[in-house]
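What follows is the residue order along each chain.
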Amino acid sequence: MDTNRKKERRTYGVRLMEWQALIPAGYGVVKVHFKGGSYSGYGQTPATFTTDNAALQRLIEDSSYFDSGKIFRMR
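As the structure is a prediction and not an experimental result, all values here were calculated from the model. (Residues numbered from 1 in each chain as written. Predicted model: local features only at pLDDT ≥ 70, side-chain atom pairs only at ≥ 80, totals over all residues. Heavy atoms only, no water.)

Engineer: Tell me about the overall build of the protein chain, and please be specific about residues and values.
Structural biologist: When helices and strands are tallied, the protein chain shows two helices and seven strands. Tracing the protein chain from N to C terminus, the helices and strands come up as β-β-β-β-β-β-α-α-β. Viewed in the frame of its principal axes, the protein chain has a C-alpha envelope of about 50 × 30 × 20 Å. Contacts in the protein chain between residues far apart in sequence, at least 24 positions, make up 59% of those at least 6 positions apart. Split by element, the accessible area of the protein chain, about 5600 Å² in all, is 49% carbon and sulfur. Mean positive and mean negative side-chain charge positions of the protein chain (12 and 7 charges, respectively) differ by 4 Å. (Helix = DSSP H or I, 4+ residues; strand = E, 2+ residues; numbered from the N terminus. Contact = heavy atoms within 4.5 Å. Areas by Shrake-Rupley, 256 points an atom, 1.4 Å probe, with all protein chains shown as cover. Lys, Arg positive; Asp, Glu negative; His and termini not counted. Charge placed at Lys NZ, Arg CZ, Asp CG, Glu CD.)

As structure tokens, then:
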């Protein structure tokens, strides 16, 4: 295992003000809390969730929410 490898930080968004996604994982679910979204006269700011955990990134990107576009990758 390479301990010098830098973790990639990814930010995901949803077009809501706040949302707690319940993503199935094995026999349970993982709660992913998106927050910080807003609406104004100038437009919309998506709620976001940021992680550098590779397992969680894979879980999010393999979910039906990501496939349908409800969760999208921002940066």
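Engineer: Let's hear about the pairing of strand S1 (residues 10-14): which residues, and what values?
Structural biologist: Across the five residues that make up S1, a large majority, five, are buried. What you see with S1 is no split at all: Arg10, Tyr12 and Val14 on one side and Thr11 and Gly13 on the other are buried throughout. Relative to strand S6 (residues 47-51), S1 runs antiparallel, the two sharing five bridges. Residue pairing in the sheet places Arg10 in a bridge with Thr51 of S6. (Buried < 20%, exposed > 50% of the residue type's maximum accessible area, 1.4 Å probe, protein only. Pairing = 2+ DSSP bridges.)

Engineer: Explain the side chain of Thr51 residue by residue, including any values.
Structural biologist: Structurally, Thr51 is set in strand S6. The residues touching Thr51, leaving out its near neighbours within four places in the chain, are Glu8, Arg9, Arg10, Tyr12, Leu56 and Gln57.

Engineer: Hey, could you go over the sheet that holds S1 for me, with residue numbers and the actual values?
Structural biologist: Backbone hydrogen bonds hold the strands of a sheet together, and the pairing may be parallel or antiparallel. Spatially, three strands are ordered S6-S1-S7 in an open sheet, and the strand pairing comes out antiparallel. Edge positions in the sheet fall to S6 and strand S7 (72-73), since each has one partner strand and no second. Along the sheet, helix H1 (residues 54-61) contacts S1, S6 and S7; its crossing angle with S1, the most-contacted strand, is approximately 35°. (Axes fitted to C-alpha atoms, helices over the stretch in contact; angles between N-to-C directions.)

Engineer: Let's hear about the environment of Gly69: which residues, and what values?
Structural biologist: Within the element layout of this structure, Gly69 appears in the loop between helix H2 (64-68) and S7. On the basis of relative accessible area, Gly69 is assigned to the partly exposed category, the value being 32%. Each C-alpha atom of the pair Gly69 and Arg15 lies 9.9 Å from the other, and the pair is 54 residues apart in sequence.

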